[in-house]
Amino acid sequence: MAQDNELFKKLVSHCKEYGFIFPSSEIYDGLSAVYDYGQYGVELKNNIKQYWWRSMVQYHENIVGIDAAILMHPKVWKASGHVDAFNDPLIDNKDSKIRYKADQLVEDYIDKLYEKAEKEVEKAKKRFGDNFDEKLFRDTNEKVKKYIDEAKIITDKLVKLLEENNLAGLKKLIEELKIVCPVSGTSNWTDVRQFNLMFSTQLGSTAEDTMTIYLRPETAQGIYVNYLNILKTSRQKLPFGIAQIGKAFRNEIVARQFIFRMREFEQMEMQYFVKPGTEKEWFEYWKEQRMQWHLSLGIPKEKYRWHEHEKLAHYANAAVDIEYDFPFGFKELEGIHSRTDYDLKRHQEFSGKKMLYFDPDIQDSYIPYVVETSIGLDRTILSVLSNGYTEETLSDGSTRVVLKIPDFLAPIKVAILPLVKKDGMNDYALNIFNDLKKYYLCQYDEKDSIGRRYRRQDAIGTPYCVTVDGQTLEDNTVTIRERDSMLQDRIPVDNIRKYLHDKLNVI
RNA sequence: GCGGUAGUAGCUCAGGUGGUAGAGCAUCAGCUUCCCAAGCUGAGGGUCGCGGGUUCGAAUCCCGUUUACCGCUCCA
């Protein structure tokens, strides 16, 4: 693990040094947990996006793509539950340094009161035996009544405070009840603070005419709100899917670990609409499909594992994550969730628009169930980079850093290098370059020794290097060096394109 | 968000006790070089995260702030 940590630091440095990923606004000290993709990072990112898009939209005739706006009507987030779920009043205990949801602390206190009341009932039950009239006891026993009444009063207070968003009042309540931290046992609390996980902004330019809107915290809702549009215009029948790649924003309290948890990040997700009752089999189907996709990135199986959700979210009836063995441990990479009809139902309720699908097979209408696959694009990039980053010691004792990533993801596909820049080798190589650049993203490099140029390409993951040498000028053959094996083939210049076409799994 | 540690050239780092910064690699130009970070010559690049304070004088002391890392917490 300590070694992995070192490796992770090296990877972060490598990403910056070679133009993959930079901290955002770095000349101003950066912005916490926001990163920019550089000249090679953006190529890698685009290649992964394209690969995902093809595997979803192109290979599945019943999946179509969309690109929904980041800004959406505020009611969307009411319907989705984000406005409630993403607004937590939090409080810290200064002694134990532990943070709690303030309302949760009060609710725990209320639960304890009910427990005390139940204990009284239990005690009485034992005392009176078979003749015990539980209802009568509950209605008349002073102690039980006191506990229950107090619980009800506090509950009412809490609800009122939450409705008013009265944070100071919430703290006062916690102090009045003498609630202590379960760990430190003290009541040394900070003020209650509101943490809103959604970024908000204003729509409308005049002060009296503005409306608070949110940057989307997930892309899925953009699909749900377009479900009817797609249904009406795409001629799709159930089951069908809608795919989308796009940015989402979360104002995380703690965002760390490089591009693993960013405030602005990109998701690739697909919502699959199915007939209710068939969701379990589609859930299994997509589990299998998605794992196959990850394995096709050339990453070994043991780097992945399943994580079954034990506690399901309110909207799901099955949920599983694909976790990847990052340098800092196994962490979520993709989620496959069976979300039932929760989201469409909620939007039907909030918008008043019927979300029904008419099923010609049974001549009846229903709201489809949804199975979603949602993958973090930035996390996928991190998985590809951390798996590919390799430090090698060669037989002569020298070392090299190689980015062993699949050909189809490599930012630069081929570098064209004159062995030395004289005798016309450079002109010859430039001609090859000018031809190849029409087909692949290429680089031409004549600076420094050939060995150093190979290492440069290794460091950014370029799978092939075409080298023009003295023999080229005599018989029009070049050598092609393969990145991982460092082995070379000598082929006629005219065959370069065919050679690359056969070797490169370019999508 | 709390606590701890740190922030010096693109990267890795050196700069007891305060006197305005160095190395290796990298980058650029030229020479040399016919296959895996070679050699030679030369050049550019930092005011020491940022702001303020103490001082005749601060990278070096103090305060604030920001960023990263570690721990705690959170992750619908």
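Look up a bit, the structure's there.
Residues numbered from 1 in each chain as written. Chains lettered and ligands numbered in written order. Predicted model: local features only at pLDDT ≥ 70, side-chain atom pairs only at ≥ 80, totals over all residues. Heavy atoms only, no water.

*Asks:* How would you sum up the overall build of chain A? Please name residues and give values.
*Replies:* From N to C terminus, chain A includes 17 helices and 23 strands. Computed over C-alpha atoms, the radius of gyration of chain A comes to 30 Å, more than 25% over the 23 Å expected from 2.2 N^0.38 for 507 residues, which places it beyond the range of a compact globule. Considered along the principal axes of its C-alpha atoms, chain A spans approximately 110 × 65 × 60 Å. Of all 507 residues assigned to chain A, the portion counted as buried reaches 48%. In chain A, the proportion of contacts linking residues at least 24 apart, taken out of those at least 6 apart, comes to 65%. On chain A, roughly 26,300 Å² of surface is accessible, and the fraction owed to carbon and sulfur atoms is 49%. (Helix = DSSP H or I, 4+ residues; strand = E, 2+ residues; numbered from the N terminus. Rg over C-alpha atoms; globule rule 2.2 N^0.38 Å. Buried < 20%, exposed > 50% of the residue type's maximum accessible area, 1.4 Å probe, protein only. Contact = heavy atoms within 4.5 Å. Areas by Shrake-Rupley, 256 points an atom, 1.4 Å probe, with all protein chains shown as cover.)

*Asks:* Quick rundown of the packing of aromatic side chains? Include the residues and the values.
*Replies:* Counted under the stated rule, the structure contains 21 aromatic pairs. Ring-pair connections join several aromatic residues into one group, and the members of that group are Phe8, Tyr35, Phe258, Phe260, Tyr304, Tyr324, Phe326 and Phe328. In this structure, Arg497 is placed above the aromatic ring of Tyr439, and the distance from its NZ or CZ to the ring centre is 3.7 Å. (Phe/Tyr/Trp six-rings, centres within 6.5 Å; stacked < 30°, edge-to-face > 60°. Lys NZ or Arg CZ within 6 Å of the ring centre and 35° of its normal.)

*Asks:* I'd like a description of unusual backbone geometry, backed by residues and values.
*Replies:* Across the chain, the bulk of peptide bonds are trans and the bulk of non-glycine residues have phi less than zero. In the segment running from Leu238 into Pro239, the intervening peptide bond is cis, with an omega of -5°. At Asp29, a position not held by glycine, the phi torsion is positive, near 80°. Mapped onto the elements of the fold, Asp29 is located in the loop between strand S1 (21–23) and strand S2 (35–37). What makes Asp29 exposed here is its relative accessible area of 75%. Positive phi, close to 65°, is recorded for Met486, a residue that is not glycine. Note on placement: Met486 falls in the loop between strand S22 (477–482) and strand S23 (488–492).

*Asks:* So what's going on with the state of the cysteines? Which residues, and what values?
*Replies:* Counted under the stated rule, the structure contains zero disulfides. The structure places no disulfide on Cys442, whose sulfur is separated from the nearest cysteine sulfur, that of Cys465, by 11 Å. (Disulfide = S-S within 2.5 Å.)

*Asks:* Summarise helix H5 (residues 102–128); cite the residues concerned and give the values.
*Replies:* Along its 27 residues, H5 runs 40 Å from first to last C-alpha, staying within 8% of the 39 Å computed at 1.5 Å per residue. Those residues of H5 that sit buried are Ala102, Asp103, Leu105, Val106, Ile110, Leu113, Ala117, Glu120, Val121 and Ala124. Following H5 by one or two positions, Gly129 has its phi on the positive side, about 65°. (Expected span 1.5 Å × (residues − 1).)

*Asks:* Can you lay out the protein's contact with RNA strand B for me, pointing to particular residues and giving the numbers?
*Replies:* RNA strand B sits among 48 residues. The nearest are Lys16, His82, Arg250, Arg261 and Arg455. Those atoms of RNA strand B that come within 4 Å of the protein belong to sugar or phosphate at a rate of 48%. Here a base oxygen of RNA strand B and a side-chain polar atom of Arg261 are 2.3 Å apart. Note that a phosphate oxygen of RNA strand B is positioned 3.5 Å from one of the side-chain N or O atoms of Ser449. Contributing elements (two or more residues each) for the surface near RNA strand B: helix H1 (2–17), strand S5 (99–101), strand S18 (399–403), helix H15 (450–460) and S22. Element by element, the count of residues in the surface near RNA strand B is highest for H15, at six residues. Its residues placed into classes, the surface near RNA strand B shows 14 nonpolar, 14 polar and 20 charged. (Near = heavy atom within 4 Å. Polar contact = N/O pair within 3.5 Å; in protein donor to acceptor, adjacent residues only side chain to side chain. Nonpolar A, V, L, I, M, F, W, Y, C, P; charged D, E, K, R; others polar.)

*Asks:* Account for the packing of helix H2 (residues 41–58) against helix H13 (residues 377–388), naming residues and giving values.
*Replies:* Between H2 and H13, whose axes approach to 10 Å, the crossing angle comes to 110°. Relative to H13, the element H2 lies roughly perpendicular. The way H2 lies across H13 gives a crossing that is right-handed. In this structure, H2 contributes Leu44, Lys45, Ile48 and Lys49 to the contact, and H13 contributes Leu377, Asp378, Thr380, Ile381, Val384 and Leu385. Residues belonging to the contact of H2 with H13 are distributed by class as follows: six nonpolar, one polar and three charged. (Axes fitted to C-alpha atoms, helices over the stretch in contact; angles between N-to-C directions. Parallel < 35°, antiparallel > 145°, perpendicular 65-115°, else oblique. Left-handed = near helix turned anticlockwise from the far one by under 90°.)

*Asks:* Give me the lowdown on the nonpolar core, citing residues and values where you can.
*Replies:* One finds Phe20, Leu44, Ile48, Trp52, Leu382 and Leu385 to be the most contacted residues of the largest nonpolar core, which totals 57 residues. Residues in contact with Phe20, not counting those within four places in the same chain, are Cys15, Asp36, Tyr37, Gly38, Tyr40, Gly41, Leu44, Leu385, Leu403, Pro411, Ala459 and Ile460. Counting residues in each nonpolar core, the second largest holds 26 residues, with Ala102, Ala124, Phe132 and Leu173 among its members. (Core = buried A, V, L, I, M, F, W, Y, C linked by side-chain atoms within 4.5 Å.)

*Asks:* Please provide a residue-by-residue account of the packing of H5 against helix H8 (residues 167–176), values included.
*Replies:* One can describe the packing of H5 onto H8 by two numbers: an axis separation of 10 Å at closest approach and a directional angle of 35°. The handedness of the crossing between H5 and H8 is left-handed. Here Ala102, Leu105 and Val106 of H5 come into contact with H8, specifically with Leu170, Leu173 and Ile174. Its residues placed into classes, the contact of H5 with H8 shows six nonpolar, no polar and no charged.

*Asks:* Could you give an account of the sheet that holds strand S16 (residues 369–376), with specific residues and numbers?
*Replies:* Reading across the sheet, the seven strands line up as S3-S9-S10-S16-S13-S12-S11 and stay open at both edges, with mixed pairing between neighbours. Across the chains shown, the open sheet's two edge strands, defined by having one partner strand only, are strand S3 (63–66) and strand S11 (304–308). Direction aside, neighbouring strands of the sheet carry axes that sit 25° apart on average. Here strand S13 (residues 329–340) runs beside S16; their pairing, made up of six bridges, is antiparallel. By the bridge assignment, Ile336 is partnered in S16 with Thr373. (Pairing = 2+ DSSP bridges.)

*Asks:* Give me H13: which residues, what numbers.
*Replies:* End to end, H13 covers 16 Å across twelve residues, agreeing with the expected 16 Å (1.5 Å per residue, within 8%). Taken as a whole, H13 has its buried residues at Leu377, Asp378, Arg379, Thr380, Ile381, Leu382, Ser383, Val384, Leu385, Ser386 and Gly388.

*Asks:* So what's going on with the sheet that holds S22? Which residues, and what values?
*Replies:* Within the open sheet, the five strands sit side by side as S20-S19-S21-S22-S23. Their pairing is mixed. Either end of the sheet is taken by a strand with one partner, and the two such strands are strand S20 (442–444) and S23. Within this sheet the neighbouring strands show an average axis-to-axis angle of 25°, counted without direction. Note that strand S21 (residues 464–468) and S22 share four bridges and pair antiparallel. Bridge pairing in S22 links Tyr464 to Glu482. Lying on the sheet, H15 is in contact with strand S19 (414–418), S20, S21, S22 and S23; it crosses S19 at an angle near 170°. Where helix H17 (residues 496–503) meets the sheet, it contacts S19, S21, S22 and S23, and its direction lies at approximately 135° from that of S23.

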